[in-house]
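Residue-level listing of the chains:
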Amino acid sequence: MRTHVVDHPLIAHKLTALRDERTDSPTFRRLADELVTLLAYEATRDVRVEPVTVATPVAPATGVRLASPKPLVVPILRAGLGMLDGMMRLLPTAEVGFLGMVRDEETLQATTYATRLPDDLSGRQCYVLDPMLATGGTLGAAVQFLADRGAESVTCICLLVAPEGIAHLDEVLASLNVPVTVVTAALDDRLNELGYIVPGLGDAGDRLYGVV
Ligand code: URA
């Protein structure tokens, strides 16, 4: 697995404002959206394209367009939904599948409560959106899910990751035959005893959508 921490002053600036506990939900949503678009630019560096020729007003020009099958974007509900618009801004023709996963706050185990994905993902490049890679339980299960359906590659876009989550994902992936990349704005220090990333930004779902 490849982990790519994107080093850019605009990303660091927006992430710092996201972390700030004084940032309210509307501002948090806007910053998360902008941050995802910046991360998506890096995350799609290997998106498959094919050659195409177009006619400019002056002459033919050779270029590229996104190849088929289209990339599949998979937000993990609920917090991943706050990343969808930012991703689709760069990949408007991608298809979107949904995975609903919730982690038990005591055992920290992830369970799937909703799926809306193509049965066959052969040849598909998948982009999973999950803001926080904490224990890695949710993302590990999501990657496994996509690999079982034949995904060609999986790129996970996370606002923040913890070392424990990266290690867990590496373990899960040892038995899978799919290339996985994690693209993130920062690798934080550790998890606390409640499974929160430190220093992190708190509960991403609550900060996006309120405590429900
Ligand atoms: N999920 C969150 O929303 N925040 C964390 O710090 C860890 C998991």
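On a predicted model such as this, the values are computed, not experimentally measured, just so you know. (Residues numbered from 1 in each chain as written. Predicted model: local features only at pLDDT ≥ 70, side-chain atom pairs only at ≥ 80, totals over all residues. Heavy atoms only, no water.)

Digging into the nonpolar core
Side chains of a nonpolar character, in soluble globular proteins, are inclined to be buried together. Core analysis: the biggest nonpolar cluster contains 37 residues, and L18, L39, V73, M87 and L159 have the highest contact counts within it. Listing elements by their share of this core, those giving two or more residues are α1 (9-19), α2 (25-43), α3 (84-88), β8 (125-129), β10 (153-161), β11 (180-187) and α6 (204-209). When residues of this core are assigned to their parent elements, the largest contribution, 8 residues, is made by α2. (Core = buried A, V, L, I, M, F, W, Y, C linked by side-chain atoms within 4.5 Å. Buried < 20%, exposed > 50% of the residue type's maximum accessible area, 1.4 Å probe, protein only. Helix = DSSP H or I, 4+ residues; strand = E, 2+ residues; numbered from the N terminus.)

Section: a nonpolar patch on the surface
The grouping of V49, V64 and L66 at the surface amounts to a nonpolar patch, some 230 Å² of accessible area in total. Considering the arrangement of structural elements, one finds V64 in strand β3 (residues 60-66). Judged by its relative accessible area of 55%, V64 is exposed. (Patch = residues over 30% accessible without salt bridge, like charges linked within 9 Å, V, L, I, M, F, W, Y side chains within 5 Å. Areas by Shrake-Rupley, 256 points an atom, 1.4 Å probe, with all protein chains shown as cover. Salt bridge = Lys/Arg side-chain N within 4 Å of Asp/Glu carboxyl O.)

Considering the packing of helix α4 (residues 137-148) against helix α5 (residues 163-173)
Packing of α4 against α5 brings their axes to within 9 Å, and their N-to-C directions diverge by 25°. The orientation of α4 relative to α5 falls into the category roughly parallel. Where α4 crosses over α5, the handedness of that crossing is right-handed. On the side of α4, the interface is formed by G137, L139, G140, V143 and Q144, while α5 contributes H168, L169, V172 and L173. A breakdown of the residues in the contact of α4 with α5 according to their chemical character gives 5 nonpolar, 4 polar and no charged. (Axes fitted to C-alpha atoms, helices over the stretch in contact; angles between N-to-C directions. Parallel < 35°, antiparallel > 145°, perpendicular 65-115°, else oblique. Left-handed = near helix turned anticlockwise from the far one by under 90°. Contact = heavy atoms within 4.5 Å. Nonpolar A, V, L, I, M, F, W, Y, C, P; charged D, E, K, R; others polar.)

A short note on the site of the ligand
Inspection of the region around the ligand gives R103, M132, A134, G195, Y196, I197, G202, D203 and A204 as its neighbouring residues. Between the ligand and I197 there is a distance of 2.8 Å, counted from an oxygen atom to a backbone nitrogen or oxygen. When isolated, the ligand has an accessible area of 240 Å², and the protein chains bury 89% of it. Of the residues that constitute the shell around the ligand, the class distribution is 5 nonpolar, 2 polar and 2 charged. (Near = heavy atom within 4 Å. Polar contact = N/O pair within 3.5 Å; in protein donor to acceptor, adjacent residues only side chain to side chain.)

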